[in-house]
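Survey of secondary and tertiary structure
So the chains spell out like this:
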Amino acid sequence: MRLPLLNKDTWHALHQHKAKWVFLILIGGLLTLMPYTLYRLWETGWLDETNAELSYNLIEETGDLGLRVENIDVKGRNHISPQELLGVLDIHKNDPILAIDLEATKERLETISWVRSASIERILPNTIKVNLIERDPMALWQMDNRLMLIDYMGEILTLENLHLYKEYPLLVGAGAPKAAPEILLYLEQLPDLKEKTYALSYVGQRRWNLHLKNGMIVKLPEEDIKEHLLKLQDLITQDHILNKQIKTIDLRYLKSSGQLILRKESSVPHLMDSQK
């Protein structure tokens, strides 16, 4: 079978058609790679070093190529309100994604009282990913007629909507946040005593008084806190001391004298042998 020969004009037309498709493929490839090339130039700081106005115009152009914010993916948010978070982020839908200053945004996020640390990244073409590590609440702290929620470092988390955190221990007095983790850990190990405790006041920045829910006050010594809490637990469970008309239990001299001091409602002190 003989194949028909193509004349010169036909060959020229075929070459033109082929060249047109090659040109379109090259243009498509360049348009596809351009946003990512600009991103690399932006990331390395080359655009900033050359011309700020040119940089801004090129980044705006990338938005027309599809590199705009469509999603903000947040992980680790438990206490921060969405309104506060979005206000601090200051990122809006359809913003050019390459125009977002990640380091500045991270710094703003870490000014939020609840945030211990934050990270932020771009997921091209249209997503901003935010990872938060929030601080853990420890207790409510009353100081100078102010009530606030604090974490284990004594950092103030919030002064608002404190009714949402009423299950947390109440601390009173200067220096209480720094000293509290130790005694709160011991109370966690004595859940029955913890349940009966309303507040803990730090006296003279040296020692604790427990305020029980029935109105009784327990004075603890400066040292051996756990040992004395265990003794108090025994007084409650074995001696049923909460059922007696006792206003104050003073455990400060228990170790040195073997006696504890009970003050009844009549305010007359009463010595009790710790062995009883």
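Our subject is the structure listed above.
These notes cover the structure that comes with them. Because the structure is predicted, anything quoted here is derived from the model rather than measured. Note that residues are indexed from 1 along each chain, following the sequence as it is written. In keeping with the predicted nature of the model, local features appear solely for residues at pLDDT of at least 70, side-chain atom pairs appear and are counted solely at 80 or more, and the whole-chain, interface and lining totals rest on all residues. Working from all heavy atoms in the structure, the side-chain values ignore hydrogens and water.

Assigned secondary structure in the protein consists of 9 helices and 13 strands. When the accessible surface of the protein is split by element, carbon and sulfur atoms take 54% of a total near 17,500 Å². Each helix corresponds to a stretch of at least 4 residues labelled H or I by DSSP, and each strand to a stretch of at least 2 residues labelled E; elements are numbered beginning at the N terminus. Every accessible area reported is derived by Shrake-Rupley at a probe size of 1.4 Å, with residue values counting cover from the shown protein chains alone.

Okay, the environment of P137 next. As for its position among the elements, P137 is in strand β4 (residues 137-143). Each C-alpha atom of the pair P137 and Y165 lies 8.8 Å from the other, and the pair is 28 residues apart in sequence. Apart from residues lying up to four places away in sequence, P137 is in contact with H79, W114, L149, I150, D151, Y152, L157 and Y168. In this analysis, two residues are considered to be in contact whenever any of their non-hydrogen atoms come within 4.5 Å of each other.

Note on pairing: DSSP must find at least two bridges between two strands before they are called paired. Here 3 strands make up an open sheet; going across it, the order is β1-β3-β2 and the pairing mixed. The two strands at the open ends of the sheet, each matched to only one other strand, are β1 (71-75) and β2 (115-123). Within this sheet the neighbouring strands show an average axis-to-axis angle of 15°, counted without direction. Axis lines are fitted to C-alpha atoms, over the contacting stretch for helices. Their N-to-C directions set the angle, which ranges from 0 to 180 degrees. Each of β1, β2 and β3 (127-134) touches helix α4 (residues 82-89); the most contacted strand, β1, lies at about 120° to it. On the sheet, helix α5 (residues 102-109) packs against β2 and β3 and is oriented at approximately 155° with respect to β2.

Time to look at the packing of α4 against α5. Closest axis-to-axis distance for the α4/α5 pair is 9 Å, and the angle between their directions is 145°. Of the two elements, α4 crosses α5, and the hand of that crossing is right-handed. Contact with α4, carried on its side by L85, V88 and L89, involves T105, R108 and L109 of α5 and no other residues of that element. Under this grouping Gly is polar, as are all residues other than the nonpolar Ala, Val, Leu, Ile, Met, Phe, Trp, Tyr, Cys and Pro and the charged Asp, Glu, Lys and Arg. Here the residues of the contact of α4 with α5 are counted per class, giving 4 nonpolar, 1 polar and 1 charged. A clockwise turn of the near helix away from the far one marks a right-handed crossing, whereas an anticlockwise turn of less than a right angle marks a left-handed crossing.

So, about the side chain of N209. With respect to the helices, strands and loops of the structure, N209 is situated in strand β9 (residues 207-212). Under the rule applied, a polar contact is a pair of N or O atoms within 3.5 Å (in protein, one hydrogen donor and one hydrogen acceptor; residues adjacent in sequence only if both atoms are side-chain atoms). At 2.6 Å, the side chain of N209 forms a polar contact with the side chain of R207. Those residues in contact with N209 that lie beyond four places of it in its chain are A199, L200, S201, V203, I217, V218, K219 and L220.

One can find E134 in strand β3. A simple rule labels every residue: compare its accessible area, found with a 1.4 Å probe on the protein chains alone, to the largest value its type can have, and call it buried under 20%, exposed over 50%, or partly exposed in between. When charges are counted, neither His nor the chain ends are considered; positive counts come from Lys and Arg and negative counts from Asp and Glu. Should a side-chain nitrogen of Lys or Arg be within 4 Å of a carboxyl oxygen of Asp or Glu, the pair is scored as a salt bridge. Put simply, E134 is tucked away with no salt bridge, and the nearest opposite charge, on R77, sits 6.4 Å away. Looking at E134, its side chain comes within polar contact range of the main-chain nitrogen of N78, at 2.9 Å. Polar contacts involving the side chain of E134 include one to the main-chain amide nitrogen of I80, which spans 3.5 Å. What E134 contacts, discounting residues up to four positions off in sequence, is G76, R77, N78, H79, I80, W114 and R116.

Take the packing of helix α6 (residues 176-188) against helix α8 (residues 225-237) next. Viewed as axis vectors pointing N to C, α6 and α8 meet at an angle of 35°, and their least axial separation amounts to 10 Å. By crossing handedness, the relation of α6 to α8 is classed as right-handed. The segment α6 lies against α8, with E182, I183, Y186 and L187 engaging I225, K226 and L229. Split into classes, the residues belonging to the contact of α6 with α8 amount to 5 nonpolar, no polar and 2 charged.

Residue position: R108 is located in helix α5. Between the alpha carbons of R108 and L89 there is a distance of 7.3 Å; along the sequence they are 19 residues apart. Ignoring anything within four residues of it in the chain, the contact list for R108 reads V88, L89 and D90. Reaching out from R108, the side chain makes a polar contact with the backbone oxygen of L89 at a distance of 2.7 Å.

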